[in-house]
Amino acid sequence: MVERITLYSAKICPWAHRTELALKESGLDYKRFEIDLENKPEWYAPKVNPASKVPALAYGGPDTEPDSPSPDSVKLAESYVLIEFIADLVSSTKPLLPSSPVDRAKARFFVEAFTSKFTGVWFGIVQRGDDPAGILPAIDTLQDLLPAEGYAVGEWSIADAAVTPFLGRASAVLKNDLGAYDQGKGAKLWETLQNDEKYERFRKYFADVTKRESFKETFFEDVIVEGYKKRFAPLRAQRSAAAS
Ligand SMILES: N[C@@H](CCC(=O)N[C@@H](CS)C(=O)NCC(=O)O)C(=O)O
């Protein structure tokens, strides 16, 4: 029997978003608690996640309010661990990973290949002002690994949950040209991704993953746009002041 679940999340965070997608797709009941990353509650690290990061889950134990987590629930963290855990919970009722070991390995490879290429360069782009075109190798990898049709490994799976939050944020951030990089470069790159025939498979995949209800219910574009504006606009201003 699946036990009580509380998710500690933050709308801005792509890692936490992975877990929200997997939970929505699982159909499991859960409570959600938003952690303000700029002003984390003092109980969060000692009682939920010693690393003080989102996402985290409290699993089982008595029915307490999320801000009074019970010592009797199991606390789990790390987004990929959590989405596999969610897939394990529903493996017999709502498979979120294929059953064949080969396809499961392909799903994990897809996640690792994309994430390792995307995340490092993404933070360099938005924080240090590197050229947004730096994400193209990650998009190429995604396209190379995708089957001709459908999701990462056929049916929607947690492999899609793992990459979609980064694609959603790339879309919101680039089309609004947000980040420390030179003004105009983000919007230009997004236009290329929208129009260049080379990226047709990417566009179809992006449309497929973002039209799902699970995405619509868990993606808060306004929060992301405001968050990135607040955090990264001053960095662009500093870079252009230093250059002039
Ligand atoms: N490797 C972790 C990364 C999680 C992470 O870095 N979360 C960020 C927010 S996006 C966080 O909670 N940072 C702590 C902080 O901002 O103080 C995972 O996959 O869950």
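Per chain, residues are indexed from 1 in the order of the written sequence. Confidence filtering applies because this is a predicted model: local features only for residues at pLDDT of at least 70, side-chain atom pairs given and counted only at 80 or more, and all residues used for totals across whole chains, interfaces and linings. Water and hydrogen atoms play no part in the side-chain values, which are based on all heavy atoms of the structure.

The protein chain is annotated in an unreviewed UniProt entry as GST N-terminal domain-containing protein from Candolleomyces aberdarensis.

Asker: What is the right way to look at empty space enclosed by the protein in this model?
Answerer: Empty space left among the atoms is revealed by rolling a probe the size of a water molecule over them. Lining residues are defined by having an atom within 4 Å of a point belonging to a cavity or pocket. Those points lie on a 1 Å grid over the protein atoms alone, cavities being sets where a 1.4 Å probe fits but cannot get out and pockets being open sets with protein on both sides within 12 Å along at least five of seven lines. Grid points are joined across faces, edges and corners, and a volume is the space filled by probe spheres set on the points. One pass over the structure, following the stated rule, counts two cavities of 30 Å³ or more. Here the largest cavity defines a volume of roughly 90 Å³. Forming the walls of the largest cavity are Arg4, Thr6, Tyr8, Ala58, Gly60, Pro62, Asp63, Thr64, Pro69, Ser70 and Ser73. Residues were grouped as follows: Ala, Val, Leu, Ile, Met, Phe, Trp, Tyr, Cys and Pro as nonpolar; Asp, Glu, Lys and Arg as charged; and all remaining residues, including Gly, as polar. Split into classes, the residues belonging to the lining of the largest cavity amount to four nonpolar, five polar and two charged. In this structure, the second largest cavity spans a volume of roughly 30 Å³. Contributing to the lining of the second largest cavity are Ser9, Ala10, Lys11, Cys13, His17, Glu20, Arg169, Thr218 and Phe220. For the lining of the second largest cavity, the two domains that each supply at least three residues are domain 1 (5-89) and domain 2 (101-243). Delimitation of the domains relies on an automatic or database domain assignment.

Asker: Would you take a moment to explain the pairing of strand S1 (residues 5-9) for this structure?
Answerer: Side chains on a regular strand alternate between the two faces of the sheet. The cut-offs for exposure are 20% and 50% of the maximum accessible area for each residue type, with area from a 1.4 Å probe on protein chains only; residues under the lower value are buried, those over the upper are exposed, and the others partly exposed. By definition, any uninterrupted DSSP run of H or I lasting at least four residues is a helix, any uninterrupted run of E lasting at least two residues is a strand, and each is numbered from the N terminus. In terms of burial, S1 is largely enclosed, as five of its five residues are buried. The alternating pattern of S1 places Ile5, Leu7 and Ser9 and Thr6 and Tyr8 on opposite faces, both of which are buried. DSSP calls a pair of strands paired once it identifies at least 2 bridges connecting them. In this sheet, strand S3 (residues 56-59) lies alongside S1 in antiparallel orientation, the contact comprising four bridges. Its bridge partner being in S3, isoleucine 5 is matched across the sheet by tyrosine 59. Of the pairings in the sheet, the one linking S1 to strand S2 (residues 31-34) comprises four bridges and is parallel in character. Bridge pairing in S2 places leucine 7 opposite arginine 32. Following the backbone out of S1, through helix H1 (residues 14-26) and into the adjacent parallel S2, one traces a crossover that is right-handed. By convention a crossover is right-handed if, when the strands point away from the viewer, the path from the first strand over the helix to the second runs clockwise.

Asker: Would you explain unusual backbone geometry in this entry?
Answerer: Most peptide bonds take the trans form, and the phi angle of most residues other than glycine is negative. Across the junction of valine 54 and proline 55, the peptide omega takes the value 0°, indicating a cis bond. As for its position among the elements, proline 55 is in the loop between helix H2 (44-47) and S3. Of note in the backbone geometry, glutamate 78 takes a positive phi value of approximately 85° without being a glycine. Exposure remark for glutamate 78: the relative accessible area of 53% places this residue in the exposed category. The phi dihedral of aspartate 177 falls on the positive side, at around 55°, and the residue is not glycine. Within the secondary structure, aspartate 177 sits in the loop between helix H6 (158-175) and helix H7 (185-195).

Asker: Help me understand the layout of surface pockets in this model?
Answerer: Considered as a void within the structure, the largest pocket measures approximately 850 Å³ in volume. Around the largest pocket sit 33 residues that line it, and Ile12, Cys13, Pro14, Leu37 and Arg231 are the ones nearest its centre. When residues of the lining of the largest pocket are traced back to their parent elements, those giving at least two are H1, helix H3 (79-89), helix H4 (101-128) and helix H10 (221-243). Ranked by residues supplied to the lining of the largest pocket, first place goes to H10 with seven residues.

Asker: Hey, could you run me through the site of the ligand in this one?
Answerer: Summary of the distance rule: residues count as near a molecule or strand when at least one heavy atom falls within 4 Å of that molecule or strand. The immediate surroundings of the ligand are formed by Cys13, Trp15, Leu37, Lys40, Ser52, Lys53, Val54, Pro55, Glu78 and Ser79. Side-chain atoms alone can form a polar contact between residues adjacent in sequence; in general such a contact is a pair of N or O atoms within 3.5 Å, and within protein one must be able to donate a hydrogen while the other accepts it. In this structure, valine 54 approaches the ligand through a main-chain N or O atom, which is 2.9 Å from an oxygen atom. Within the side chain of glutamate 78, one N or O atom sits 2.9 Å away from a nitrogen atom of the ligand. Where accessible areas are quoted, they stem from the Shrake-Rupley method and a 1.4 Å probe; at the residue level, only the protein chains shown are allowed to cover. When isolated, the ligand has an accessible area of 510 Å², and the protein chains bury 72% of it. Any molecule with more than half of its atoms within 2 Å of a cavity's or pocket's grid points is regarded as sitting in that cavity or pocket. The cavity where the ligand resides is the largest pocket. Counted by class, the shell around the ligand contains five nonpolar, two polar and three charged residues.

Asker: Sorry if this is basic, but what is going on with the domain arrangement of the protein chain here?
Answerer: When the parts come together, some accessible area is lost, and that loss is often what is quoted as the size of the interface. Along its sequence, the protein chain is organised into domain 1 (5-89) and domain 2 (101-243). Inter-centroid distance (C-alpha atoms) of domain 1 to domain 2 is 24 Å. Counting residues at the interface gives 18 residues for domain 1, matched by 25 residues for domain 2. Values labelled buried area give the accessible surface lost by two parts on being combined, using a 1.4 Å probe and summing over both. Interface area for domain 1 against domain 2, summed over the two sides, is near 2,000 Å², with a carbon-plus-sulfur share of 67%. By definition here, a salt bridge exists when the distance from a side-chain nitrogen of Lys or Arg to a carboxyl oxygen of Asp or Glu is within 4 Å. Our enumeration of links across domain 1 and domain 2 arrives at four salt bridges. Across the salt bridge formed by lysine 24 and glutamate 217, the nearest N and O atoms sit 3.5 Å from each other. Our enumeration of links across domain 1 and domain 2 arrives at eleven residue pairs in polar contact (both at pLDDT 80 or more). Where the side of domain 1 that touches domain 2 is concerned, the elements lending two or more residues are H1 and H3. At nine residues, the largest contribution of residues to the side of domain 1 that touches domain 2 is made by H1. In what follows, residue pairs with any heavy atoms lying within 4.5 Å of each other are defined as contacts.

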